[in-house]
Amino acid sequence: PPPALVAGAVLLPLAMYTTRDPAQGAQTQVRCSVDPELKGKLGGRYFRDCHEAAPSPAAQDAAAALKLWEISEELTGRKFNV
């Protein structure tokens, strides 16, 4: 059989257990949007699976954030003063 068919036969069952449908994927955003307990308290906080969580170390890397910002300005041809 073609390699793509074999790969699909292996990966499809795995994907069924590791991915979410659109409704499941939207749950955290919906909760953050409608939960009255979170109103006005979300700035700078990170949520995963409907609960507050710590961002990954990569997300907290200030040097990487600055480099991404600079590359984004270069690619868009715009300077953003924040």
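Source: prediction; values computed, not measured.

*Asks:* I'd like a rundown of the overall build of the chain, residues and numbers included.
*Replies:* The number of helices and strands found in the chain is three helices and two strands. If you list the helices and strands of the chain from N to C, you get α-α-β-β-α. The C-alpha radius of gyration computed for the chain amounts to 19 Å, which surpasses the reference 12 Å derived for 82 residues by more than 25%, pointing to a less compact arrangement than a globule. Taking the principal axes of its C-alpha atoms as reference, the chain extends roughly 55 × 40 × 25 Å.

*Asks:* I'd love a proper account of unusual backbone geometry, names of residues and values included.
*Replies:* With the exception of glycine, the majority of residues adopt a negative phi angle, and the majority of peptide bonds are in the trans configuration. Even without a glycine there, the phi angle at Asp49 is positive, about 55°. As for its placement among the helices and strands, Asp49 is situated in the loop between β1 (47-48) and β2 (51-52). Asp49 gets classed as partly exposed once you look at its relative accessible area, which sits at 39%. Non-glycine residue Cys50 carries a positive phi angle of around 70°. Positionally, Cys50 belongs in the loop between β1 and β2.

*Asks:* So what's going on with the environment of Thr28? Residues and values would help.
*Replies:* Assignment of secondary structure puts Thr28 in helix α2 (residues 22-34). In this structure the C-alpha to C-alpha distance between Thr28 and His51, which are 23 residues apart in sequence, comes to 7.6 Å. Not counting the four nearest positions on each side in its chain, Thr28 is found in contact with Phe47, Arg48, Asp49 and Cys50.

*Asks:* Report on helix α1 (residues 3-18), specifying residues and quantitative values.
*Replies:* In a regular helix each residue adds 1.5 Å, so 16 residues correspond to 22 Å; α1 covers 22 Å between its end C-alpha atoms and thus fits that length. Its maximal kink placed at Leu11, α1 deviates by approximately 30°, while the proline Pro13 follows within four residues.

*Asks:* Requested: an account of the confidence of the model for the chain, with residues and values cited.
*Replies:* With 100% of its residues at a pLDDT of at least 70, the chain reaches an overall mean of 90. Put simply, α1 is where the chain has its lowest mean pLDDT, 82, and helix α3 (residues 62-76) is where it has its highest, 96.

*Asks:* Which residues make up the packing of aromatic side chains, and what are the values?
*Replies:* Per the counting criterion, the structure on display carries one aromatic pair. Both rings, one in Trp69 and one in Phe80, keep their centres 6.2 Å apart while their planes meet at 75°; by these two values the pair is edge-to-face. Here Trp69, found in helix α3, pairs with Phe80, found in the segment after α3; they are eleven residues apart in sequence, far enough to count as distant. Accessibility expressed as a relative area gives 38% for Trp69, which makes it partly exposed.

Definitions and cut-offs
Residues numbered from 1 in each chain as written. Predicted model: local features only at pLDDT ≥ 70, side-chain atom pairs only at ≥ 80, totals over all residues. Heavy atoms only, no water. Helix = DSSP H or I, 4+ residues; strand = E, 2+ residues; numbered from the N terminus. Rg over C-alpha atoms; globule rule 2.2 N^0.38 Å. Buried < 20%, exposed > 50% of the residue type's maximum accessible area, 1.4 Å probe, protein only. Contact = heavy atoms within 4.5 Å. Expected span 1.5 Å × (residues − 1). Bend = angle between axes of the 7 residues up to and from the residue. pLDDT = per-residue confidence, 0-100. Phe/Tyr/Trp six-rings, centres within 6.5 Å; stacked < 30°, edge-to-face > 60°.

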